[in-house]
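Residue strings, one per chain:
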Amino acid sequence: MINDTRHLTPPPDKVILLTGFDPFGGDPLNPSWLIAQALQGQHIGGHRVVAAQLPTVFGQSLQRLAALVHTHQPALTVCLGLAGGRSALSLERIGININDARIPDNTGAQPIDTPVAADGPAAYFASLPIKAMLRAVQRAGLPCEVSQTAGTFVCNHVLYGLLHLLAQGAGPAGARGGFVHVPWLTGQGAPHLPLRDMVRGIHTALWAAALAPQDITLQAGATH
(Lines give C-alpha, C1' and ligand atoms only; values in the text may rest on other atoms or scores of the structure.)
Protein backbone atom coordinates (compact mmCIF):
# COMPACT_ATOMS: atom_id res chain seq x y z
CA MET A 1 0.00 0.00 0.00
CA ILE A 2 1.31 3.41 -0.93
CA ASN A 3 1.59 5.74 2.04
CA ASP A 4 0.12 8.93 0.62
CA THR A 5 -0.37 11.56 3.35
CA ARG A 6 -1.33 14.42 1.08
CA HIS A 7 -4.98 14.18 2.06
CA LEU A 8 -4.09 14.23 5.77
CA THR A 9 -2.67 17.74 5.64
CA PRO A 10 -5.04 20.01 7.55
CA PRO A 11 -6.44 22.97 5.65
CA PRO A 12 -4.86 26.33 6.42
CA ASP A 13 -6.49 28.47 9.07
CA LYS A 14 -8.93 31.12 8.02
CA VAL A 15 -7.85 34.66 8.86
CA ILE A 16 -9.17 37.13 11.40
CA LEU A 17 -7.91 40.57 10.41
CA LEU A 18 -7.62 42.64 13.58
CA THR A 19 -6.75 46.31 13.18
CA GLY A 20 -5.94 49.15 15.54
CA PHE A 21 -5.12 52.80 15.02
CA ASP A 22 -2.03 54.89 15.65
CA PRO A 23 -2.26 57.56 18.41
CA PHE A 24 -4.32 60.68 17.68
CA GLY A 25 -5.70 63.76 19.35
CA GLY A 26 -2.68 64.28 21.58
CA ASP A 27 -2.72 60.83 23.22
CA PRO A 28 0.76 59.25 23.22
CA LEU A 29 -0.66 55.71 22.98
CA ASN A 30 -3.64 54.12 21.32
CA PRO A 31 -4.81 51.01 23.18
CA SER A 32 -6.56 49.69 20.07
CA TRP A 33 -3.20 49.02 18.43
CA LEU A 34 -1.65 47.60 21.62
CA ILE A 35 -4.54 45.12 21.86
CA ALA A 36 -4.20 44.08 18.22
CA GLN A 37 -0.44 43.63 18.62
CA ALA A 38 -0.95 41.44 21.69
CA LEU A 39 -3.22 39.08 19.74
CA GLN A 40 -1.09 38.86 16.59
CA GLY A 41 -0.63 35.22 15.55
CA GLN A 42 -3.18 33.78 17.99
CA HIS A 43 -5.18 30.78 16.77
CA ILE A 44 -8.87 31.20 17.55
CA GLY A 45 -11.56 28.75 16.47
CA GLY A 46 -9.78 27.65 13.31
CA HIS A 47 -8.72 31.20 12.50
CA ARG A 48 -5.31 32.88 12.66
CA VAL A 49 -5.16 36.49 13.82
CA VAL A 50 -3.34 38.94 11.57
CA ALA A 51 -2.85 42.32 13.27
CA ALA A 52 -2.33 45.54 11.34
CA GLN A 53 -2.22 49.24 12.14
CA LEU A 54 -4.37 51.81 10.35
CA PRO A 55 -3.53 55.51 10.20
CA THR A 56 -5.98 57.86 11.91
CA VAL A 57 -6.52 59.58 8.60
CA PHE A 58 -9.61 59.90 6.44
CA GLY A 59 -9.15 58.14 3.11
CA GLN A 60 -5.73 56.63 3.85
CA SER A 61 -7.20 54.39 6.54
CA LEU A 62 -9.62 52.84 4.04
CA GLN A 63 -6.94 52.48 1.38
CA ARG A 64 -4.81 50.57 3.86
CA LEU A 65 -7.77 48.45 4.98
CA ALA A 66 -8.77 47.62 1.41
CA ALA A 67 -5.21 46.45 0.67
CA LEU A 68 -5.22 44.26 3.80
CA VAL A 69 -8.55 42.67 2.90
CA HIS A 70 -7.33 42.02 -0.64
CA THR A 71 -4.08 40.43 0.60
CA HIS A 72 -5.35 38.32 3.50
CA GLN A 73 -8.95 37.57 2.41
CA PRO A 74 -10.11 37.46 6.05
CA ALA A 75 -13.21 35.53 7.05
CA LEU A 76 -13.61 38.01 9.91
CA THR A 77 -12.40 41.60 10.07
CA VAL A 78 -12.59 43.32 13.44
CA CYS A 79 -11.40 46.92 13.61
CA LEU A 80 -10.59 48.42 17.01
CA GLY A 81 -10.55 52.08 17.94
CA LEU A 82 -10.22 54.29 21.00
CA ALA A 83 -13.28 55.97 22.51
CA GLY A 84 -11.98 57.97 25.44
CA GLY A 85 -14.76 58.45 27.99
CA ARG A 86 -16.42 55.08 27.45
CA SER A 87 -16.18 52.59 30.30
CA ALA A 88 -16.71 49.30 28.43
CA LEU A 89 -15.74 47.46 25.29
CA SER A 90 -18.32 48.83 22.84
CA LEU A 91 -19.51 46.57 20.03
CA GLU A 92 -20.67 48.89 17.28
CA ARG A 93 -24.01 48.05 15.68
CA ILE A 94 -24.00 50.44 12.72
CA GLY A 95 -21.77 52.54 10.48
CA ILE A 96 -23.19 55.61 8.76
CA ASN A 97 -22.21 57.21 5.46
CA ILE A 98 -20.94 60.53 6.82
CA ASN A 99 -17.66 62.17 7.75
CA ASP A 100 -18.11 65.04 10.22
CA ALA A 101 -14.86 65.58 12.09
CA ARG A 102 -14.96 67.44 15.40
CA ILE A 103 -11.13 67.40 15.46
CA PRO A 104 -8.57 67.11 12.64
CA ASP A 105 -7.18 63.72 11.69
CA ASN A 106 -3.45 63.04 11.84
CA THR A 107 -2.80 64.93 8.61
CA GLY A 108 -4.87 67.94 9.67
CA ALA A 109 -7.87 67.06 7.50
CA GLN A 110 -11.26 67.88 9.00
CA PRO A 111 -14.04 66.93 6.57
CA ILE A 112 -17.53 68.16 7.38
CA ASP A 113 -20.69 66.50 6.06
CA THR A 114 -18.99 64.49 3.32
CA PRO A 115 -19.89 60.89 2.45
CA VAL A 116 -17.61 57.97 3.16
CA ALA A 117 -18.71 56.44 -0.14
CA ALA A 118 -20.53 58.63 -2.65
CA ASP A 119 -22.28 55.61 -4.17
CA GLY A 120 -23.07 53.91 -0.86
CA PRO A 121 -26.29 53.54 1.15
CA ALA A 122 -27.00 55.69 4.21
CA ALA A 123 -25.82 53.00 6.64
CA TYR A 124 -24.71 49.41 7.11
CA PHE A 125 -25.27 47.11 10.06
CA ALA A 126 -22.17 45.28 11.30
CA SER A 127 -22.18 41.66 10.16
CA LEU A 128 -20.42 40.32 13.25
CA PRO A 129 -22.53 38.37 15.79
CA ILE A 130 -22.43 41.27 18.24
CA LYS A 131 -24.96 39.83 20.71
CA ALA A 132 -23.05 36.53 20.94
CA MET A 133 -19.85 38.51 21.45
CA LEU A 134 -21.53 40.65 24.11
CA ARG A 135 -22.71 37.62 26.08
CA ALA A 136 -19.30 35.94 25.91
CA VAL A 137 -17.40 39.01 27.13
CA GLN A 138 -19.88 39.71 29.94
CA ARG A 139 -19.74 36.08 31.06
CA ALA A 140 -15.96 36.47 31.23
CA GLY A 141 -16.56 39.19 33.83
CA LEU A 142 -15.54 42.14 31.67
CA PRO A 143 -17.54 45.30 30.90
CA CYS A 144 -19.09 45.19 27.45
CA GLU A 145 -21.97 46.90 25.68
CA VAL A 146 -23.62 47.27 22.30
CA SER A 147 -23.14 50.81 21.00
CA GLN A 148 -25.65 52.45 18.68
CA THR A 149 -23.17 54.98 17.26
CA ALA A 150 -19.54 54.82 16.18
CA GLY A 151 -19.35 58.62 15.96
CA THR A 152 -18.50 60.49 12.77
CA PHE A 153 -14.68 60.51 12.95
CA VAL A 154 -12.20 58.04 11.44
CA CYS A 155 -13.57 55.08 13.42
CA ASN A 156 -16.98 55.34 11.77
CA HIS A 157 -15.23 56.09 8.47
CA VAL A 158 -13.44 52.73 8.75
CA LEU A 159 -16.50 50.80 9.97
CA TYR A 160 -18.70 52.04 7.14
CA GLY A 161 -15.89 51.68 4.62
CA LEU A 162 -15.18 48.09 5.69
CA LEU A 163 -18.83 47.07 5.37
CA HIS A 164 -19.04 48.80 1.97
CA LEU A 165 -15.98 46.84 0.82
CA LEU A 166 -17.50 43.56 1.96
CA ALA A 167 -20.85 44.41 0.34
CA GLN A 168 -18.98 44.87 -2.93
CA GLY A 169 -17.41 41.40 -2.61
CA ALA A 170 -13.91 42.46 -1.56
CA GLY A 171 -13.50 39.54 0.86
CA PRO A 172 -14.13 35.81 0.55
CA ALA A 173 -17.68 34.46 0.36
CA GLY A 174 -19.45 34.93 3.67
CA ALA A 175 -16.87 37.39 5.05
CA ARG A 176 -18.10 39.34 8.09
CA GLY A 177 -16.87 42.53 9.70
CA GLY A 178 -17.40 45.12 12.37
CA PHE A 179 -15.87 47.49 14.86
CA VAL A 180 -15.17 47.59 18.61
CA HIS A 181 -14.40 50.77 20.53
CA VAL A 182 -12.20 50.44 23.61
CA PRO A 183 -11.71 52.73 26.64
CA TRP A 184 -8.61 54.58 27.69
CA LEU A 185 -5.76 52.63 29.22
CA THR A 186 -5.13 52.95 32.92
CA GLY A 187 -3.29 56.26 33.33
CA GLN A 188 -4.70 57.85 30.17
CA GLY A 189 -7.93 59.15 31.64
CA ALA A 190 -11.14 58.05 33.30
CA PRO A 191 -12.95 55.76 32.97
CA HIS A 192 -10.28 53.26 31.97
CA LEU A 193 -9.44 49.57 31.79
CA PRO A 194 -6.11 47.76 32.20
CA LEU A 195 -4.58 46.59 28.94
CA ARG A 196 -4.63 42.94 30.07
CA ASP A 197 -8.40 43.11 30.61
CA MET A 198 -9.00 44.65 27.21
CA VAL A 199 -6.82 42.03 25.53
CA ARG A 200 -8.73 39.28 27.32
CA GLY A 201 -12.04 40.85 26.38
CA ILE A 202 -11.21 41.16 22.70
CA HIS A 203 -9.77 37.64 22.69
CA THR A 204 -13.06 36.37 24.12
CA ALA A 205 -15.08 38.40 21.61
CA LEU A 206 -13.07 36.96 18.70
CA TRP A 207 -13.74 33.41 19.93
CA ALA A 208 -17.45 34.16 20.01
CA ALA A 209 -17.36 35.69 16.53
CA ALA A 210 -15.44 32.73 15.12
CA LEU A 211 -17.78 30.13 16.63
CA ALA A 212 -21.15 31.81 16.04
CA PRO A 213 -22.31 31.47 12.42
CA GLN A 214 -25.49 33.34 13.36
CA ASP A 215 -26.17 35.87 16.07
CA ILE A 216 -28.33 35.27 19.13
CA THR A 217 -31.32 37.21 20.44
CA LEU A 218 -30.33 39.19 23.51
CA GLN A 219 -31.56 42.53 24.86
CA ALA A 220 -28.91 45.23 24.40
CA GLY A 221 -30.87 48.26 23.28
CA ALA A 222 -30.77 51.86 24.43
CA THR A 223 -33.39 54.43 25.40
CA HIS A 224 -31.34 57.39 24.13
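Residues numbered from 1 in each chain as written. Predicted model: local features only at pLDDT ≥ 70, side-chain atom pairs only at ≥ 80, totals over all residues. Heavy atoms only, no water.

J.: Give a description of the packing of helix 1 (residues 31–39) against helix 5 (residues 195–211) that names residues and reports values.
T.: When two helices pack together, their arrangement is given by the angle between their axes and by how far apart the axes lie. It is the contact of helix 1 with helix 5, at a shortest axis distance of 10 Å, that shows an interaxial angle of 60°. Taken as a pair, helix 1 and helix 5 cross one another with a handedness that is right-handed. For the pair helix 1 and helix 5, the contacting residues are Pro31, Leu34, Ile35, Ala38 and Leu39 in the first and Leu195, Met198, Val199, Ile202, His203 and Leu206 in the second. Considering only residue class, the contact of helix 1 with helix 5 consists of 10 nonpolar, one polar and no charged. (Axes fitted to C-alpha atoms, helices over the stretch in contact; angles between N-to-C directions. Helix = DSSP H or I, 4+ residues; strand = E, 2+ residues; numbered from the N terminus. Left-handed = near helix turned anticlockwise from the far one by under 90°. Contact = heavy atoms within 4.5 Å. Nonpolar A, V, L, I, M, F, W, Y, C, P; charged D, E, K, R; others polar.)

J.: Before we move on, can you summarise the environment of Trp184 with the specific residues and values?
T.: Position of Trp184 relative to the elements: it lies in strand 12 (residues 184–185). Sequence-wise, Trp184 and Asn106 are 78 residues apart; in three dimensions their C-alpha atoms are separated by 19 Å. If sequence neighbours within four positions are ignored, Trp184 has contacts with Asp27, Leu82, Gly84, Gly85, Gly189, Ala190, Pro191, His192, Leu193 and Met198.

J.: So what about unusual backbone geometry? Which residues, and what values?
T.: A negative phi angle is the norm for most residues apart from glycine, just as the trans form is the norm for most peptide bonds. Between Ala190 and Pro191 the backbone carries a cis peptide bond, its omega angle lying at -5°. Secondary-structure assignment places Pro191 in the loop between strand 12 and strand 13 (192–193). In this structure, Gln73 takes a positive phi of about 45° despite not being glycine. Within the secondary structure layout, Gln73 lies in the loop between helix 2 (60–72) and strand 4 (76–82). Look at Gln73 and you get partly exposed, because its relative accessible area is 34%. (Buried < 20%, exposed > 50% of the residue type's maximum accessible area, 1.4 Å probe, protein only.)

J.: An account of the packing of aromatic side chains is needed here, citing residue identities and associated values.
T.: All told, the structure shown has four aromatic pairs when counted by the stated rule. Centre to centre, the rings of Phe21 and Phe179 are 6.4 Å apart; their planes meet at 40°, and the pair counts as tilted. Placement of the pair is Phe21 in strand 1 (residues 14–21) and Phe179 in strand 11 (residues 176–182), with a sequence separation of 158 residues. One exposure class covers both Phe21 and Phe179, and it is buried. Measuring from ring centre to ring centre gives 5.8 Å for Phe24 and Phe153, while their planes differ by 40°; the resulting arrangement is tilted. With Phe24 in the loop between strand 1 and helix 1 and Phe153 in the loop between strand 10 (144–147) and helix 4 (154–167), the pair connects residues that are 129 residues apart, well separated along the chain. In this structure Phe153 comes out as buried when scored by relative accessible area, which is 15%. Each residue in the set Phe24, Phe58 and Phe153 is aromatic and connected to the rest through ring pairs, giving one cluster. (Phe/Tyr/Trp six-rings, centres within 6.5 Å; stacked < 30°, edge-to-face > 60°.)

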